[in-house]
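Spelled out, the chains give:
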Amino acid sequence: MGGMTRRDLQWKAGGFALLASSCAMCLALDGSPAMVIFFPLALLGLPLMIHGKRVGQLLRAERRGHSHTVDVVHAARVRRRGQANDGFGH
């Protein structure tokens, strides 16, 4: 695994901020029906915090209606590494 890029760090920081602020709002609104609004935001922040910019790549591929999202992400990863082989003979 290579080092974390600035862009990847920004995605992860954004996910952390979304998760933390959503959880803080849920705590502040303890028992209020408005908590329902912030729960999905917290769930969105978690994969962003863990996977960083790969979540952005997946969202862009899905928005374009790309039927091979996994292939798109894998191709981007292979291009970044400058490899023609994924280690599985492909």
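Numbering of residues starts from 1 in each chain and follows the order in which that chain's sequence is written. For a predicted model such as this one, the threshold for reporting local features is a pLDDT of at least 70, and the threshold for listing and counting side-chain atom pairs is 80 or more; totals across whole chains, interfaces and linings nevertheless cover every residue. Working from all heavy atoms in the structure, the side-chain values ignore hydrogens and water.

**Let's talk about the side chain of Asp8**
Step number 1: In DSSP terms, a helix is any run of H or I states spanning at least four residues, a strand is any run of E spanning at least two, and both are numbered starting from the N terminus. With respect to the secondary-structure elements, Asp8 resides in helix 1 (residues 6-28).
Step number 2: For the buried Asp8, no salt bridge is present, and the opposite-charge side chain at shortest range is Lys12, 4.1 Å distant.
Step number 3: Whether two residues are in contact is decided by their heavy atoms: any pair within 4.5 Å suffices. Excluding its chain neighbours within four sequence positions, the residues that come into contact with Asp8 are His51, Gly52 and Lys53. Summary of the burial criterion: residues with accessible area below 20% of their type's maximum are buried, those above 50% are exposed, and those between are partly exposed, where the area comes from a 1.4 Å probe applied to protein chains only. Note that His is not counted, nor are the chain ends; the positive residues are Lys and Arg, and the negative ones are Asp and Glu. Any Lys or Arg side-chain nitrogen located within 4 Å of an Asp or Glu carboxyl oxygen qualifies as a salt bridge.

**Some remarks on the packing of helix 2 (residues 35-51) against helix 3 (residues 53-63)**
Step number 1: The geometry of helix 2 relative to helix 3 is characterised by a closest axis approach of 6 Å and an angle of 120° between their N-to-C directions. For the pair formed by helix 2 and helix 3, the contact residues are Pro47, Leu48 and His51 on the first element and Lys53, Arg54 and Val55 on the second.
Step number 2: Side-chain classes follow a simple rule in which Ala, Val, Leu, Ile, Met, Phe, Trp, Tyr, Cys and Pro form the nonpolar group, Asp, Glu, Lys and Arg form the charged group, and the remainder, Gly included, forms the polar group. When the residues that make up the contact of helix 2 with helix 3 are grouped by side-chain class, the tally is three nonpolar, one polar and two charged. What counts as an axis is a line fitted to C-alpha atoms, over the stretch in contact for a helix, and the angles between N-to-C directions run from 0 to 180 degrees.

**Focus: helix 2**
Step number 1: Between its first and last C-alpha, helix 2 extends 25 Å over 17 residues, near the 24 Å set by a 1.5 Å rise per residue.
Step number 2: For helix 2, the full list of buried residues reads Phe38, Ala42, Gly45 and Leu48. All buried residues of helix 2 project into a common sector of 125° when viewed along the axis, lining one side.
Step number 3: In this structure, the buried side of helix 2 is in contact with helix 1 and helix 3.
Step number 4: One or two steps after helix 2, the chain reaches Gly52, where phi turns positive at roughly 60°. Expected helix span is taken as 1.5 Å per residue step, with the number of steps being one fewer than the number of residues. The arc refers to the directions leading from the helix axis to the C-beta atoms.

**Structural notes on the state of the cysteines**
Step number 1: For the purposes of this analysis, a disulfide is any pair of cysteine sulfur atoms at a distance within 2.5 Å. Across all of its chains, the model carries zero disulfides by this definition.
Step number 2: The structure places no disulfide on Cys23, whose sulfur is separated from the nearest cysteine sulfur, that of Cys26, by 6.3 Å.
Step number 3: Since its relative accessible area comes to 16%, Cys26 is described here as buried.

**Some thoughts on the side chain of Ser22**
Step number 1: Its location among the elements puts Ser22 in helix 1.
Step number 2: Residues within four places of Ser22 in sequence aside, it is in contact with Phe38, Leu41 and Ala42.

**Some details on the environment of Met35**
Step number 1: Within the secondary structure, Met35 sits in helix 2.
Step number 2: Among the residues examined, Met35 registers a relative accessible area of 26% and is labelled partly exposed.
Step number 3: Taking C-alpha positions, Met35 is 8.9 Å from Ser22, a pair spaced 13 residues apart along the chain.
Step number 4: Beyond its immediate stretch of four places on either side in the chain, Met35 contacts Cys26, Leu29 and Asp30.

**Some words on helix 1**
Note that an α-helix has 3.6 residues per turn; residues three or four places apart therefore point the same way.
Step number 1: Taking 1.5 Å of rise per residue, the 23 residues of helix 1 would be expected to cover 33 Å, and the 32 Å separating its terminal C-alpha atoms lies within 8% of that figure.
Step number 2: Regarding helix 1, the residues found buried are Asp8, Gly15, Leu19, Ser22 and Cys26.

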